[in-house]
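One-letter residues, chain by chain:
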Amino acid sequence: MMQTTRFTPEEIAAARTLPVRATTRVVASVAGRPVDFWNALRNRPDGPDYETTVGGVTIYRRGQLLHWMHKHLIDPSQTKREDAR
């Protein structure tokens, strides 16, 4: 089962520290999501943009990744309702 594609402000803040270009492992480590999460997103039409090198290494560009993560930011009003349950 795949984790939610919603991100917290803290996860986005952490992703801002990524280098300009980062491998899947680096993104996973910094963003706090497992490598399998990012691998699964590559098979979805709504996943973040990425590049694949000639050697087969997946590279994410920080700006594109942050833009995608912002589009998937958790709505604070939803988390307040969930916390009240």
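These numbers were taken from a predicted model, which means no experiment stands behind them. (Residues numbered from 1 in each chain as written. Predicted model: local features only at pLDDT ≥ 70, side-chain atom pairs only at ≥ 80, totals over all residues. Heavy atoms only, no water.)

Quick look at the overall build of the protein
Thought 1: Along its length, the protein carries five helices and three strands.
Thought 2: Across the protein, contacts joining residues at least 24 apart in sequence account for 61% of those joining residues at least 6 apart.
Thought 3: With an accessible surface of roughly 5,600 Å², the protein has 52% of that area assigned to carbon and sulfur atoms. (Helix = DSSP H or I, 4+ residues; strand = E, 2+ residues; numbered from the N terminus. Contact = heavy atoms within 4.5 Å. Areas by Shrake-Rupley, 256 points an atom, 1.4 Å probe, with all protein chains shown as cover.)

So, helix 2 (residues 24–31)
Thought 1: Every buried residue belonging to helix 2 is among Thr24, Val27, Ala28 and Ala31, and all of these are buried. Projection of helix 2 onto a plane perpendicular to its axis shows the buried side chains occupying an angular sector of 100 degrees, all on one side. Those residues of helix 2 that are exposed and angled more than 90 degrees off the buried face are Arg25 and Ser29.
Thought 2: Against helix 1 (9–15), strand 1 (21–23), helix 3 (35–41), strand 3 (58–61) and helix 4 (62–71) lie the buried residues of helix 2.
Thought 3: Positive backbone phi, at 75 degrees, marks Gly32, one or two positions downstream of helix 2. (Buried < 20%, exposed > 50% of the residue type's maximum accessible area, 1.4 Å probe, protein only. Arc of directions from axis to C-beta.)

So, the environment of Met69
Thought 1: For Met69, the location among the structural elements is in helix 4.
Thought 2: Overall, Met69 belongs to the buried group, its relative accessible area being 0%.
Thought 3: C-alpha separation for the pair Met69 and Pro48, spaced 21 residues apart in sequence, amounts to 8.0 Å.

Quick look at the side chain of His72
Thought 1: You can see His72 is positioned in the loop between helix 4 and helix 5 (76–84).
Thought 2: Among residues more than four places away in sequence, those in contact with His72 are Thr5, Arg6, Phe7 and Asp46.

Digging into the packing of aromatic side chains
By convention here, two paired aromatic rings are described through the distance between centres and the angle between planes.
Thought 1: Applying the stated criterion across every chain, the model contains seven aromatic pairs.
Thought 2: Against the face of Phe37 rests Arg33, its NZ or CZ located 4.9 Å from the ring centre.
Thought 3: Across the ring face of Tyr50, the terminal group of Arg42 is positioned such that the distance to the ring centre comes to 5.7 Å. (Phe/Tyr/Trp six-rings, centres within 6.5 Å; stacked < 30°, edge-to-face > 60°. Lys NZ or Arg CZ within 6 Å of the ring centre and 35° of its normal.)

Focus on the confidence of the model for the protein
Close inspection of predicted coordinates is inappropriate in any region flagged by low pLDDT.
Thought 1: Across the protein, pLDDT averages 87, with 85% of residues at or above 70.
Thought 2: Of all the helices and strands in the protein, helix 5 carries the lowest mean pLDDT, 55, while strand 1 carries the highest, 97.
Thought 3: Note that pLDDT drops below 50 for residues 81–85; the model gives that stretch zero contacts with residues more than four away or on any other chain. (pLDDT = per-residue confidence, 0-100.)

Looking at the nonpolar core
Thought 1: If you look at the biggest cluster of nonpolar residues, it comprises 16 residues, and the most contacted ones within it are Phe7, Leu18, Val27, Trp38, Leu65, Trp68 and Met69.
Thought 2: Counting only elements with at least two residues in this core, the list comes to helix 1, helix 2, helix 3 and helix 4.
Thought 3: Ranked by residue count, the leading element in this core is helix 4, at four residues. (Core = buried A, V, L, I, M, F, W, Y, C linked by side-chain atoms within 4.5 Å.)

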